[in-house]
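Chains, contacts and geometry: an overview
This is what each chain is made of:
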Amino acid sequence: MKSLMWQRFSRRRSAVAGLMLFVALVVFALFGGLLTRYSYTDTDFLAIGFPPGRGHWFGTNDAGNDLYAQVVQGLQRSLVIALAVAIGTTMIAAVAGSFAAFFGGWVEKATLGVIYLLLVVPSFLILALTANATGGDWRWIIVALIVFGWMMLARVVHSMAVSLREREFVLAARYMGERPVTIIARHIIPNLSSLLVINFALGVVGTVLTETGLSFLGLGVKIPDVSLGSLLQAGVGTIVASPWLFYFPAGALTLLTVSMTLMADGLRDALDPNAANPTVAEPALTVESGGTQ
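Since this is a predicted model, take the numbers as computed values, not measurements.

Calculation rules
Sequence order as written defines the numbering, with residues in each chain counted from 1. Per-residue local features are limited, in this predicted model, to residues with pLDDT of at least 70; the limit for side-chain atom pairs, both in listing and counting, is 80 or more; totals at the level of whole chains, interfaces and linings are taken over all residues. Note: side-chain values were computed over all heavy atoms of the structure, leaving out hydrogens and water. In summary, the pairing rule links any two rings of Phe, Tyr or Trp, Trp by its six-membered ring, whose centres are within 6.5 Å, and it sorts them by plane angle into stacked for under 30 degrees, edge-to-face for over 60 and tilted for everything else. For a Lys NZ or an Arg CZ to count as sitting over a ring, it must be within 6 Å of the ring centre and within 35 degrees of the ring normal. Helix numbering and strand numbering both begin at the N terminus, where a helix is a DSSP run of H or I of at least 4 residues and a strand a DSSP run of E of at least 2. For a helix, the expected span equals 1.5 Å multiplied by the number of residues minus one. Per-residue accessibility, obtained with a 1.4 Å probe over protein chains only, is compared with the maximum for each type, and a residue is labelled buried under 20%, exposed over 50%, and partly exposed between these values. Taken from the helix axis, the directions to the C-beta atoms give the arc we talk about. When checking whether two residues touch, look at their non-hydrogen atoms; a contact exists if any pair is within 4.5 Å. Every case where a carboxyl oxygen of Asp or Glu lies within 4 Å of a side-chain nitrogen of Lys or Arg is listed as a salt bridge.

**Focus: the packing of aromatic side chains**
Inspection of every chain in the model, using the stated rule, returns 7 aromatic pairs. What links up through ring pairs into an aromatic cluster is the set Phe28, Trp57, Phe58, Tyr68 and Phe248. Above the ring of Phe102, the side-chain terminus of Arg174 is found at 4.4 Å from the ring centroid.

If you want it as structure tokens, here you go:
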């Protein structure tokens, strides 16, 4: 199954390029700091506002901070936030949607009621107030983004799980006396894996853009920590006098979003080949009763 999925994924060259680009960005975020003797908080008073050069590859800002070191740290912070939020929202949506569909009755009504209530709440305003009240602490930003980021996916999961709960393998598991938690974990959620994986990849992109928007408005990650959004917010005011302060963080952000979007397209084709070519007779892989077909 895994080799077949990889064959489908690798057939799309843009998806492979996106994967390679994403891996390169992760390596750069983890080990790029080893290539400079400056940290993102160091100040070089002899090179304030310098353009890119030998001593400072990406130049420096008006405070004398090395922009290369800050881009490395900003990319690392943005990746941590995006991956944590994508994992958290995907897990909550999978569990909430599956449980609501499987149990039905008051559990379903209560879960959907919470989902619809949170959907009408002005989440961006609350995110902005939370980030401002916590001083731009990235940990609280992760919590807030998870709390207000799982509802739409949970609705989709619920809709698909409703059709799965009447399938033969789920009914057979019920008659065999398996516990509801086991049925959901072994038979329902695995059959939603393609949806969850694709939404996880797209969720990384959405989280990066949301965090960037908050930071760009001055409501996200704040000094002394940095993210790509806070670097963009600091660089946009000097885009004429010091354009490198904007273009280098913008380039890193663009590469990250493009890589994840290309990977999401490849994952969609790998997990659901009929979505890419409806005329192909090849059936999509599904997981039933803990196995594969």
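**Things to note about helix α2 (residues 13-31)**
Spanning 19 residues, α2 covers 27 Å between terminal C-alpha atoms, matching the ideal 27 Å at 1.5 Å per step. Regarding α2, the residues found buried are Ala15, Gly18, Phe22, Leu25 and Ala29. One side of α2 carries all its buried residues, which in axial view fall inside an arc of 80°. In α2, the exposed residues that point more than 90 degrees away from the buried face are Arg13, Met20 and Phe31.

**Focus: helix α4 (residues 105-120)**
Taking 1.5 Å per residue as the helical rise, α4 with its 16 residues ought to reach 22 Å, and the 23 Å between its terminal C-alpha atoms agrees with that figure. Those residues of α4 that fall on the buried side of the exposure criterion are Glu108, Thr111, Leu112, Ile115 and Leu118. Buried residues in α4, looked at end-on, bunch into an arc of 125°, giving them a common side. The outward face of α4, more than 90 degrees from its buried face, is lined by the exposed residues Trp106, Lys109, Leu117 and Val120. Contacts from the buried residues of α4 go to α3 (67-103), α6 (138-147) and α7 (151-164).

**Observations regarding the pattern of salt bridges**
Counted under the stated rule, the structure contains 4 salt bridges. When the shortest N-O distance is used, the salt bridge between Arg77 and Asp225 registers 2.8 Å. Of this pair, Arg77 sits in helix α3 while Asp225 sits in the loop between α10 (193-216) and α11 (228-235); the two residues are 148 residues apart in sequence, bridging distant segments of the chain. In terms of burial, Arg77 and Asp225 fall into one category: buried. Here Arg165 ties to Glu166 by a salt bridge, and the two come within 3.8 Å at their closest N and O atoms. Under the relative-accessibility criterion, Arg165 is labelled buried at 19%.

It is worth stressing that arrangement in space is one thing and function is another; only the former is reported here.
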